[in-house]
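Chains, contacts and geometry: an overview
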Amino acid sequence: MDFNSLLQQAQRLTNETQNSEELPRVERTISQVLEATKELHSRVTQTGAQDIQAHILLGSKGIDLPKISQKLESLNARKTFEPLDPIADTDIQSFLKNEKENAILSVIEEVHKNSFLNAQKRKWEHIKSEWRQEKMKLMNALVGPSQNWIDIQKLPEQTIINETFGTRSCLNRIEMAYAREVYDYNAIVIKGAFRPSLVQRFAKVAQTFDDPKVNEIWEIMKYMVDVTPVSRNRDPMQSRQQVNQFVDQAKKYLENRYKLYMSTIISGNLREAQRGGVPSIFNLVSSFVGLTFNQGNCFGLQDATIDGKPLWPMVYYCLRCGDLQSALKCMQMGGAGHEEFMQVLEDKINKPEQKINTKLEGQLKLHYCNKIKNSTDPYKKAVYCIIAGCDPNEQHLEVAKTTDDFLWIQLSILRTDVSDNSDALTYSGLQTMILEKYGEKHFNAGEQQHLYFQVLALTGQFEAAIEFLSRTEKYRVHAVHIALALNEMFLIAGPRNVQEPLLSVDIEDPIPMRRLNIARLVMLYVKKFEITDPAEALQYFFFLRNLKDPEGRNLFLVCVSDLAIECRDYDLIFGKMMPTGLPAGGLFQQFDCVEFDTRVAAGMVAEELVRKGMFEDAIKLFDIANMQSQSLRYLSLMLSQVVHQSSKKGSLRERLSIMACDFSERLRGSRIECEPQVLATFNLLTELVAFFDYYHERKYQIALEVLANTKLVPMSMNDLEECISNFKRLGGEICKVYPDILLAAMDILYSQYKAVKGKDSVMLDSGRDSQLQHLRQKAKALTNMAATVPYRMPGDTNKRLVQTEILMH
């Protein structure tokens, strides 16, 4: 194309532009065009690349962005929610309008404020819940004793099970053996029969483990619990103040153990021991001393000899075996010069329950301080300290060669009735020495757990001993069952509430006593197998039946509730509800008693499930708890959310439908204590289940018949008033699903309308017109019903109903 043709076209366009009235003529010179271009460029560079893209995008859709921006800037949203300006009192119409708008604004503001506060409250509750769980994990991970100021809430703890176990038991051979004994013992308790000693039963089981140290631990406990039965109405810590029994039992164990040791030594050296005569402690000690002492190692020993054996070793070892009579015999054979000493021995033998003569004891202490303390005979010093209870700081290292010897000497020299200014060793002082002064490091507790447990248990510190033993994986199972056995005998001092750490200190208790939280100990032990072995877990939880949680609930029921919610096998724990209305089976039934039964436990679990929003599970448990009113309430609440959906295999709607059918069958012909509104709502929902089932199966005529029986929607204009009246009595569950009912009914009518009007219809024209008119009247009744009911329908419900009605005309 040449320049002439371009010029002609430009002139033609100019003429056309001049003749057009819509567009004004624009005449610009080259300089003006350049200036406008620069201005446009500067404006574009100021607005930015994103604004340019927005202009281009919206401009391509025919939207003038600058004009919209100006309109938005002119709007002031704050004025919408500001209090309205006052008006004159004489303007009644404006006053009422203003009051109405003020009321609406105040409601909006109140709702906004409440929503914000609720959101804040829920946020902090969630944060606190997470922190409580973290604190619980940290508390359970502590291996050392904690102080009583630690306060954590008792919450269900998450159990982590190794996935490789599947449904296999997590109990090993030892744990299963103990669990069988626990089951047998609980069965006896539930029957109300005479309770056997759990210590004896567990000790017998422990013999099958082929572990001498474990047998030794249980042997110690057999001795220590062989005391006068303790009242269950008294604090075990107060009962522990009757120290004489526990001291005597500890000494008895150490003495019998030493006699066995002496017999073993003599049996290995029968020729050298030259044991003869009638078997007795005196002859046993004589043979042992004869083996231990000879002319070479009697240096420093003082006073006479007995049949060639040193006197004071003979007396000491007789005392070490717990035979005061043999010790007195040795003194009598030793000759004169020890009359005061023999008098004290005679008093101990003849009057064991009475206090030693203060005058005689004082003379012995004076004699010890003046002469015996600096003696070269260590056995003589040890015997005087044991009999007179003097010089508690003396270690007697030459005599006490083992921990057993040291502990026996300390138990022998302590005194229970001393004045405040006395320097005698007390029971509390001995316990403090073992637990706090020497502690775990002195006894090498990390390598010799059983030894440190022994010294704690023999000094009456059962709580600290059990807590220490429970720290190691090897001995934890034994520690738990020792705690259970002692707790059944009311010998374990527990904390004031179950929120305390595993081991805590009560300021009212004597130093250095501790309190053991047996609830925490049991729950930590059961934690690893409660999912795979719920039957065994319930048996252990049963030991907590006499404890209360901070809310005053039975701790056994609380643990059962937590276990049921975690494993969700409610049929296994509580059984199934039979058509007779009674639960059958279930592990919990074996624990039914006056204080609690399956119904109480199931109701407690159901309430917790409701708080967690697990309504489907709560429905079953409310039913087992004989709380059918609550079951129907929550079943109706859940049905109202899914009743309009099509039933799919395994869906929530299918499960709820089956549940509703079972309830209907069971309630038919029987009376239950239930609110009429709840029962009426449930019955309506069961009919709606059938209606929507027929609707989704395209069985339209049967569906309409079912719907007509409910009297919920009008089938003609004459039924409109009755249906509106019925609607006002409906509960919220039915109102919620009402729009779906109207839409389903209208869809059925439209399907029937199309079928009647279809080409394949063989009806006569007059009959078909009558049928079509009848369907139109039904559709009109539905739309009028939707427009009349006092309920806010979803945005498109009325629109869809009206559109369908229009299609039918």
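Residues numbered from 1 in each chain as written. Predicted model: local features only at pLDDT ≥ 70, side-chain atom pairs only at ≥ 80, totals over all residues. Heavy atoms only, no water.

Notes on the overall build of the chain
Convention followed: Only DSSP runs of H or I with at least four residues qualify as helices, and only runs of E with at least two residues qualify as strands; both kinds are numbered from the N terminus onward. Exposure is judged per residue with a 1.4 Å probe applied to protein chains only, and the accessible area is read against the type maximum: over 50% gives exposed, under 20% gives buried, and values in between give partly exposed. Note on definitions: a residue-residue contact is assigned when non-hydrogen atoms from the two residues lie within 4.5 Å. Per-residue and other accessible areas follow the Shrake-Rupley method at a 1.4 Å probe size, with only the shown protein chains counted as cover for residues.
Tallying secondary structure elements over the chain gives 36 helices and six strands in all. In the chain, which comprises 809 residues, the proportion classed as buried is 43%. Nonlocal contacts in the chain, meaning residues at least 24 apart in sequence, comprise 60% of its contacts between residues at least 6 apart. Accessible surface, the chain as shown: approximately 45,600 Å² in total, 52% of it carbon and sulfur.

Points about unusual backbone geometry
Look at the link from I511 to P512: it is a cis peptide, with omega at 5°. Within the secondary structure layout, P512 lies in the loop between β3 (503-504) and β4 (515-516).

Structural notes on helix α27 (residues 598-611)
The line we're drawing: Here the expected length of a helix is defined as 1.5 Å per residue gap, with one fewer gap than residues. Pairs of N or O atoms are called polar contacts if they sit within 3.5 Å, as long as, within protein, a hydrogen donor faces a hydrogen acceptor (for residues adjacent in sequence, only side-chain-to-side-chain pairs).
An ideal rise of 1.5 Å per residue puts 20 Å on 14 residues; α27 measures up with 20 Å between its terminal C-alpha atoms. Among the 14 residues of α27, ten are classified as buried, and the element is accordingly described as predominantly covered. Along α27, the residues classified as buried are T598, A601, A602, G603, M604, V605, A606, E608, L609 and V610. Taken together, the buried residues of α27 touch α25 (555-567), α26 (570-574), α28 (615-624) and α29 (628-642). Two or three places before R599, at the opening of α27, D597 has a side-chain oxygen 3.2 Å from that residue's backbone nitrogen. Within two residues after α27, G613 carries a phi angle of roughly 80°, on the positive side.

A closer look at the nonpolar core
What counts is decided by this rule: Each nonpolar core is a collection of buried residues, namely Ala, Val, Leu, Ile, Met, Phe, Trp, Tyr and Cys, held together in the definition by side-chain atoms within 4.5 Å. An automatic or database domain assignment is the source of the domain bounds shown.
In this structure, F574 and L688 are the most contacted members of the largest nonpolar core, which totals 221 residues. The element that contributes the greatest number of residues to this core is helix α34 (residues 732-757), accounting for 14 residues. There are two domains that each give this core at least three residues, and those are domain 1 (242-425) and domain 2 (725-808). Filtering out sequence-adjacent residues up to four positions away, F574 remains in contact with V560, A564, P583, G585, G586, F588, T598, A601, A602, V605, L621 and I624.

Comments concerning the packing of aromatic side chains
Put simply, the rule reads: Any Phe, Tyr or Trp ring, taking Trp's six-membered ring, that has another such ring centre within 6.5 Å forms a pair; planes under 30 degrees apart are called stacked, those over 60 apart edge-to-face, and the others tilted.
Within the structure shown, the criterion is met by 40 aromatic pairs. Ring centres of W312 and F341 lie 5.7 Å apart, and the angle between their planes is 85°; this geometry places the pair in the edge-to-face category. In this pair, W312 is assigned in helix α13 (residues 311-320) and F341 in helix α15 (residues 339-350), connecting sequence segments 29 residues apart. Where F341 meets Y384, the ring centres are 5.0 Å apart and the plane angle is 50°; that geometry is what we call tilted.

Here we look at the packing of helix α30 (residues 652-667) against helix α31 (residues 676-696)
Here is the rule: Whenever a helix is involved, its axis is fitted only over the stretch in contact; in every case the axis is a line through C-alpha atoms, and angles between N-to-C directions fall within 0 to 180 degrees. An angle below 35 degrees is treated as roughly parallel, one above 145 as roughly antiparallel, one from 65 to 115 as roughly perpendicular, and anything else as oblique. Take the far helix as your reference; a near helix turned counterclockwise from it by less than a right angle gives a left-handed crossing, and one turned clockwise gives a right-handed crossing. For this classification, Asp, Glu, Lys and Arg are treated as charged, while Ala, Val, Leu, Ile, Met, Phe, Trp, Tyr, Cys and Pro are nonpolar and the rest, including Gly, are polar.
Look at α30 against α31: their axes get within 10 Å of each other, and the N-to-C directions meet at 130°. Overall, the two elements α30 and α31 adopt an arrangement that is oblique. The two elements α30 and α31 cross, and the hand of that crossing is left-handed. The segment α30 lies against α31, with R653, S657, A660, F663, S664 and L667 engaging F682, T686, V689, F692 and D693. Tallied by class, the residues present in the contact of α30 with α31 amount to six nonpolar, three polar and two charged.

Observations regarding the pattern of salt bridges
What counts, and what does not: By salt bridge we mean one thing: a side-chain nitrogen of Lys or Arg within 4 Å of a carboxyl oxygen of Asp or Glu.
In the structure shown here, the tally under the stated rule is 27 salt bridges. The salt bridge partner of K528 is E175, with a shortest N-O separation of 2.6 Å. With K528 in the loop between α23 (518-526) and α24 (534-541) and E175 in helix α6 (residues 173-191), this pair connects stretches of sequence that are 353 residues apart. On the basis of relative accessible area, K528 is assigned to the partly exposed category, the value being 32%. Overall, E175 belongs to the buried group, its relative accessible area being 5%. As a salt-bridge pair, R496 and D506 come within 2.8 Å of each other at their nearest N and O atoms. Remark: D506 occurs in the loop between β3 and β4 and R496 occurs in the loop between α22 (473-488) and β3; sequence separation between them is ten residues. In this structure, a network of salt bridges that share partners links the residues D235, R496, D506, E508, D509 and R515.

Here we look at the packing of α23 against α24
Axis separation between α23 and α24 bottoms out at 10 Å; the angle between their running directions is 175°. Comparing their axes, α24 and α23 come out roughly antiparallel. Between α23, through V522, M523, Y525 and V526, and α24, the contact on the second element is made entirely by A537, Y540 and F541. Residue composition of the contact of α23 with α24, by class: seven nonpolar, no polar and no charged.

Let's talk about the environment of Y750
Structurally, Y750 can be placed in helix α34. Put simply, Y750 and E805 are 55 residues apart on the chain and 8.0 Å apart in space, counted from C-alpha to C-alpha. If near-sequence neighbours (up to four positions away) are discounted, Y750 is found in contact with T804, L807 and M808.

So, the environment of P236
Within the secondary structure, P236 sits in helix α9 (residues 236-239). Residue classification places P236 among the buried residues on the basis of a relative accessible area of 14%. As for P236 and N487, which are separated by 251 residues in sequence, their C-alpha atoms are 9.3 Å apart. Setting aside residues no more than four positions away along its own chain, P236 makes contact with F490, L491, I492 and A493.

Focus on the environment of L609
Note on placement: L609 falls in helix α27. Residue L609 is classed as buried on the basis of its relative accessible area of 0%. Here the alpha-carbon distance between L609 and D562, two residues 47 residues apart in the chain, equals 10.0 Å. Setting aside residues no more than four positions away along its own chain, L609 makes contact with I565, Y570, M614, D617, A618 and L621.

Digging into α29
Across its 15 residues, α29 extends 21 Å between first and last C-alpha, which sits within 8% of the 21 Å expected from 1.5 Å per residue. What α29 keeps buried is the set Q628, S629, S631, L632, Y634, L635, S636, M638, L639, S640 and V642. The inward-facing, buried residues of α29 abut α27, α28, α30, α31 and α34.

Quick notes on the confidence of the model for the chain
The line we're drawing: For every residue, the predictor assigns a confidence score, pLDDT, that lies between 0 and 100.
Taken residue by residue, the chain gives an average pLDDT of 82. The fraction at 70 or more is 84%. Low confidence marks residues 77-81, where pLDDT is under 50. Its contacts with residues over four positions away, or in another chain, come to three contacts. A low-confidence stretch, residues 143-166 (pLDDT under 50), is modelled with 60 contacts involving residues beyond four sequence positions or located in other chains.

Considering the state of the cysteines
Here is the rule we go by: Count a disulfide wherever a pair of cysteine sulfur atoms falls within 2.5 Å.
A complete count under the given rule lists zero disulfides for this structure. For C318, which is in no disulfide, the shortest distance to another cysteine sulfur is to C330 and amounts to 3.9 Å.

Here we look at the side chain of D405
Mapped onto the secondary structure, D405 falls in helix α18 (residues 403-413). With a relative accessible area of 5%, D405 lands in the buried category.

Quick word on a nonpolar patch on the surface
Cut-off, in case you're wondering: Patch membership is restricted to residues that have no salt bridge and whose relative accessible area is over 30%. Joining uses 9 Å for like charges and 5 Å for the nonpolar side chains Val, Leu, Ile, Met, Phe, Trp and Tyr.
On the surface, a nonpolar cluster with roughly 290 Å² of combined accessible area is contributed by I92, F95 and L96. Along the chain, the position of L96 falls in helix α5 (residues 92-141).

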